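# Descriptive analysis of the structure
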Amino acid sequence: MFCNKCGKERGEAKKFCGKCGAEYVTNSMTFEQNISVKEKRQKTKVGKFFSILGAIVAFLIIGSLVLFKIFATSYNAVEGDAINTNNEALETLSSGDTETAIEQLESASNSATFDSNKLLTLQNLGYAHVTAGNSDKALVVFEEALHLTEDGSVDSLLMKAEIALLEGRYEEAEEYYVSVTSENPKNFSANNGLNLLYLDLEEEAPEMTNYTKALVHAKIAHESSDQFSEDITAQNLGIAYYFNEDYPNAIAQFNTQSPETNNYIAYWIGLAHASSE
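On a predicted model such as this, the values are computed, not experimentally measured, just so you know. (Residues numbered from 1 in each chain as written. Predicted model: local features only at pLDDT ≥ 70, side-chain atom pairs only at ≥ 80, totals over all residues. Heavy atoms only, no water.)

### What to know about helix 13 (residues 247-254)
Taken together, the buried positions of helix 13 are occupied by Tyr247, Ala250, Ile251, Gln253 and Phe254. Axial view of helix 13: buried residues confined to an arc of 160 degrees, hence all on one face. (Buried < 20%, exposed > 50% of the residue type's maximum accessible area, 1.4 Å probe, protein only. Helix = DSSP H or I, 4+ residues; strand = E, 2+ residues; numbered from the N terminus. Arc of directions from axis to C-beta.)

What follows is the structure in structure tokens.
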């Protein structure tokens, strides 16, 4: 069995972990039952998340989509309200209250008068709908956002990529992302998108799976991230390392994410420790 907090293998007679000091918790499903270590991974490597696939993906979707915080400069009162509502919505979304976040973002996008701010609020609204599983509504919002972009611009290409992903046109999405990186190799959004596309976390496009490419783009996305996105890009980088079977680097990345307060990261650490045996 393994420590539920840090993933270290535990002694049968011990009550506390010798590595992190945490008290062992007896769960109805142990790491061994959930992982079956290398044997199960070798049998079904495409089954990337085993029995907790849904929970892992939900967490990643909430954290991995590129959400935009707007910084006020010299806007009028109405625009200022839209900006504040947008930023409050991001906090609401992070807390898990997707329904309220959607309402806030709808209000922000309706009241924004500057095209640049309206575009950002619509993008955030689309991502919130994706998080809530409202793909059809997300498509409508992304299409509206696309009309605010200049054809051929980075914003336009990124919006087209999101639309292509939602419609299952994965190769087209890849082309749009690559077009962005050909102009700006360190563009965060495009590299983050390519990383997730090649990892295929939701197993919707197995033909796109390429762990080597995923790791390349995960590294760039993490290097290009800011204070609002560096935690999730570190997590995504750890996952990319994991699927490339570089377990020491995977564990190192996961350990930057406070596993004692993040059950998903604790699980990944345990998974990486078990897979490295």
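There's plenty left to go through after this.
### Here we look at the packing of aromatic side chains
Going through the model one piece at a time under the given rule, you end up with seven aromatic pairs. Plain terms: the ring middles of Tyr242 and Tyr247 are 5.5 Å apart, the flat faces sit at 55 degrees to each other, and that makes the pair tilted. We note that Tyr242, like Tyr247, is buried. Through a chain of ring-to-ring contacts, the aromatic side chains of Tyr211, Tyr242, Phe243, Tyr247, Phe254 and Trp268 assemble into a single cluster. (Phe/Tyr/Trp six-rings, centres within 6.5 Å; stacked < 30°, edge-to-face > 60°.)

### A few points about the environment of His222
The residue His222 is located in helix 11 (residues 211-224) in this model. Overall, His222 belongs to the partly exposed group, its relative accessible area being 25%. For the pair His222 and Ala234, spaced twelve residues apart in sequence, the C-alpha separation works out to 6.1 Å. With near-sequence residues (within four places) excluded, His222 lies in contact with Glu230, Thr233, Ala234, Leu237 and Gln253. (Contact = heavy atoms within 4.5 Å.)

### A short note on the environment of Leu157
Relative to the assigned elements, Leu157 resides in helix 8 (residues 154-166). The buried category is assigned to Leu157, whose relative accessible area is 16%. In this structure, Leu157 is in contact with Gly152, Tyr176, Ser179 and Val180, ignoring residues within four places of it in sequence.

### Things to note about unusual backbone geometry
At Asp200, a position not held by glycine, the phi torsion is positive, near 50 degrees. The topology assignment puts Asp200 in the loop between helix 10 (188-199) and helix 11.

### Some words on the nonpolar core
Residues Tyr177, Leu199, Ile239, Tyr242, Phe243, Phe254 and Trp268 are the most contacted members of the largest nonpolar core, which totals 34 residues. Elements that contribute at least two residues to this core include exactly helix 8, helix 9 (170-183), helix 10, helix 11, helix 12 (230-243), helix 13 and helix 14 (263-276). In terms of nonpolar packing, the next biggest core, distinct from the first, is built from 18 residues, Tyr127, Ala138, Ala145 and Leu146 among them. (Core = buried A, V, L, I, M, F, W, Y, C linked by side-chain atoms within 4.5 Å.)

### Considerations on the side chain of Thr181
Turning to its location among the elements, Thr181 is positioned in helix 9. Thr181 sits in the buried class, given a relative accessible area of 14%. Among residues more than four places away in sequence, those in contact with Thr181 are Ala190, Asn191 and Leu194.

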